[in-house]
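Chain by chain, the residues run as shown.
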Amino acid sequence: MNELTTDLKTLQEATLNNLKSSKANNTLRAYKSDFKDFGTFCAKHGLNSLPTEPKIVSLYLTHLSKISKISTLRRRLVSISMVHKLKGHYLDTKHPIIVENLMGIRRVKGSIQKGKKPILINHLKLIINVINQQKTEEIKKLRDKSLILIGFGGGFRRNELISIDYEDLEFVPEGLKITIKRSKTDQFGEGMIKGLPYFDNKIYCPITNLKKWLEISKIKSGPIFRRFSKGLLLTDKRLTDQTVVLLLKHYLSLAGIENKNFSGHSLRSGFATVAAESGADERSIMAMTGHKTTQMVRRYIKEANIFKNNALNKIKF
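A few points on the structure. Bear in mind the structure is a predicted one, so any value in this text is a computation, not a measurement. Note on numbering: residues in each chain are counted from 1, in written sequence order. Residue-level local features of this predicted model are given only where pLDDT is at least 70; pairs of side-chain atoms are given and counted only at 80 or more, and the full residue set underlies all totals for whole chains, interfaces and linings. Values reported for side chains reflect all heavy atoms of the structure, with hydrogen atoms and water molecules removed beforehand.

Details of the nonpolar core
Inference 1: Here the nonpolar core consists of buried residues drawn from Ala, Val, Leu, Ile, Met, Phe, Trp, Tyr and Cys, with membership extended through side-chain atoms lying within 4.5 Å. Exposure classes here rest on a 1.4 Å probe applied to the protein chains alone. A residue is buried below 20% of its type maximum, exposed above 50%, and partly exposed in between. Ile150, Ile178, Leu210, Trp213 and Phe225 are the most contacted members of the largest nonpolar core, which totals 53 residues.
Inference 2: The element contributing the most residues to this core is helix H7 (residues 138-153), with 7 residues.
Inference 3: Judged by nonpolar contacts, the second largest core, of 22 residues, contains Cys42, Tyr60, Leu86 and Leu102. Note on conventions: DSSP H or I runs of at least 4 residues are helices, E runs of at least 2 residues are strands, and numbering of each starts at the N terminus.

Some details on the packing of aromatic side chains
Inference 1: Between the rings of Phe, Tyr and Trp (Trp by its six-membered ring), a pair exists once the centres lie within 6.5 Å; its type follows the angle of the planes, with under 30 degrees stacked, over 60 edge-to-face, and the other angles tilted. Applying the stated rule across the entire model yields 4 aromatic pairs.
Inference 2: Each ring, one from Phe38 and one from Tyr60, has its centre 5.0 Å from the other, and the planes form 70 degrees; the classification is edge-to-face. Within this pair, whereas Phe38 is found in helix H2 (residues 25-44), its partner Tyr60 is found in helix H3 (residues 54-65), the two being separated by 22 residues in sequence.
Inference 3: A residue is classified by how much of its surface remains accessible, and Phe38, at 0% relative accessible area, is buried.
Inference 4: With relative accessibility at 0%, the residue Tyr60 sits in the buried group.
Inference 5: For the cation-ring pair, Lys194 lies above Phe156, with the distance from its terminal atom to the ring centre recorded as 4.2 Å. By definition here, charges over rings are those cases where NZ of Lys or CZ of Arg is within 6 Å of the ring centre and within 35 degrees of the ring normal.

Shown next, in the form of structure tokens:
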């Protein structure tokens, strides 16, 4: 009996580990952060957060709807559900009181979600120009330029960008191949290779700037985008994805661009938007960005083409 109990306990622990392993670390952190907010709401009103019940979740979503977007509500619902699963509890997120409440909130708030602004070519050039104008060490300039240009040129998610190691790079006559070991849509680590060709203008060329960065930093292994310590001494510690956001916003501000509606995602959406404006088809855009469905890519293409074939262009005044 004791052996059976021990075996069952081992299986339960292994199952819990499998559930945790099915999600990336960043995703698990997001679940915990979201659930913490739900827990605070429940504690304030004397309600149970774990395990909880549909009517409590519905009350929380109504509370949240006053200050948050529909997309945030959906994400919080997923987080609450996943924490319950990880802890061995069942929560019916398809219960009518949740589903119909969300539908009502959506009708009241409207379903159009305004995304963050993309970094376009004019933004990119202003950012690189303003970095070049900074009175700081060349090593700092080259790191920041390489980070931003590679992020844009490869349509990278910020966590993919800061995860690139020297071993993932292969310089070829046509340009640069970068192996992405794992991404948000590739949870099983099948990997993909992105190819970045050389730009005619070397000032804004991701590969030219990256080569200069690797040369001045003397990086030969491990993370290519690293933190500086005080005195601009290069460490072996990888940049965080939040650093990408902070650097981008910092240089946008220095370039005289209002940075409120930009984020780390702006590099990725910027690539897709500019590629669409230039006539790239959805398949070639998806091959670079790694999107698994056409829905988001078609949105970029639609927005990029909003002034092309516009009916108003046919009207003569």
